[in-house]
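A structural walkthrough
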Amino acid sequence: TAFLFHAHYHQNMEIFLLKKGECILSQNGKSYHAQSDSVVVFDCYDVHSYDEKLSERTISQVVLIPPNLLVEFNERKKNSRILNPVIKNRRLCNTLFSIANKFLTSSNPNIQKAGVDLFLSYLEENLVFSSNEGNRDDTLFRKILLYAQDNYRNDISLSTAAKALGYSHTYV
């Protein structure tokens, strides 16, 4: 598959609002099909991509929420992971689209924060979470990504990364 946006990750939560059109997306190696009226949620450090099915007739919006605005959301979900990143719900998609356009584009940081809180409240009501406890590989993978992002300008070796993360180099 030729990807419109190649596989990438970042520390932000990324929400893709698809009002009209369709798209095949990938999250952590698994493909999903999103259709009109879908909301797709990529959690922080999820490796994700979008394929070529986006067309000029597609109506969509991408919302990035930085970690400093996700603190309360992450505390509520604890160690849970989002079970299915695709939510097909016209009302939710339209509501989030409206909130994003009214509040998240504001130059006033207080309005933006209130908008993010409202946005995440609607989103959280519609997400299904699954326990991530016991999945040490996922936690380690995220730690490695964070370490690489923070130290990409330095000479990074498996041994130095493992030592910095508190693991043996054979485990990493």
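A short tour of the structure in this document, coming up. Here the structure is a predicted model, which is why all the values come from computation and not from measurement.

1. A few points about helix 3 (residues 109–126)
Its 18 residues give helix 3 an end-to-end C-alpha distance of 26 Å, which sits within 8% of 26 Å, the value for a rise of 1.5 Å per residue. Within helix 3 the residues assigned to the buried category are Gly115, Val116, Phe119, Leu120 and Leu123. With its buried residues spanning 130 degrees around the axis, helix 3 presents them on a single face. In helix 3, the exposed residues that point more than 90 degrees away from the buried face are Asn110 and Glu125. Next to the buried residues of helix 3 lie strand 2 (13–20), strand 5 (38–42), strand 7 (59–65), helix 1 (71–77), strand 9 (86–88) and helix 2 (90–104). Between the side-chain oxygen of the N-cap and the backbone nitrogen of Asn110 there are 2.8 Å, and the N-cap of helix 3 in question is Asn108.

2. Quick notes on the environment of Ala161
Relative to the assigned elements, Ala161 resides in helix 5 (residues 158–165). The exposure class of Ala161 is buried, given its relative accessible area of 11%. Between the C-alpha atom of Ala161 and that of Ile144, which follows or precedes it by 17 residues, the distance is 7.5 Å. In contact with Ala161, other than residues within four places in its own chain, are Tyr147 and Ile156.

3. Section: the pairing of strand 4 (residues 30–35)
Sheet topology places strand 3 (residues 22–27) next to strand 4; six bridges connect them, and they run antiparallel. Each residue of the ladder has a partner; that of Gln27, found in strand 4, is Lys30.

4. Some thoughts on the environment of Ser106
One can find Ser106 in the loop between helix 2 and helix 3. Beyond its immediate sequence surroundings of up to four residues, Ser106 is in contact with Ile111 and Gln112. Here Asn108 takes part through its backbone nitrogen, which lies 3.0 Å from a polar atom of the side chain of Ser106.

5. Overview of the nonpolar core
Taken as a class, soluble globular proteins show a tendency for nonpolar side chains to be buried jointly. Within the largest apolar cluster, 26 residues are counted, with the highest numbers of intra-cluster contacts made by Met13, Ile15, Leu17, Val39, Ile65, Phe119 and Leu123. Contributing elements (two or more residues each) for this core: strand 2, strand 5, strand 7, helix 2 and helix 3. It is helix 2 that provides the largest number of residues to this core, a total of seven residues. Residues within four places of Ile65 in sequence aside, it is in contact with Asn12, Met13, Ile15, Leu70, Val116, Phe119 and Leu120.

Analysis parameters
Residues numbered from 1 in each chain as written. Predicted model: local features only at pLDDT ≥ 70, side-chain atom pairs only at ≥ 80, totals over all residues. Heavy atoms only, no water. Helix = DSSP H or I, 4+ residues; strand = E, 2+ residues; numbered from the N terminus. Expected span 1.5 Å × (residues − 1). Buried < 20%, exposed > 50% of the residue type's maximum accessible area, 1.4 Å probe, protein only. Arc of directions from axis to C-beta. Contact = heavy atoms within 4.5 Å. Polar contact = N/O pair within 3.5 Å; in protein donor to acceptor, adjacent residues only side chain to side chain. Pairing = 2+ DSSP bridges. Core = buried A, V, L, I, M, F, W, Y, C linked by side-chain atoms within 4.5 Å.

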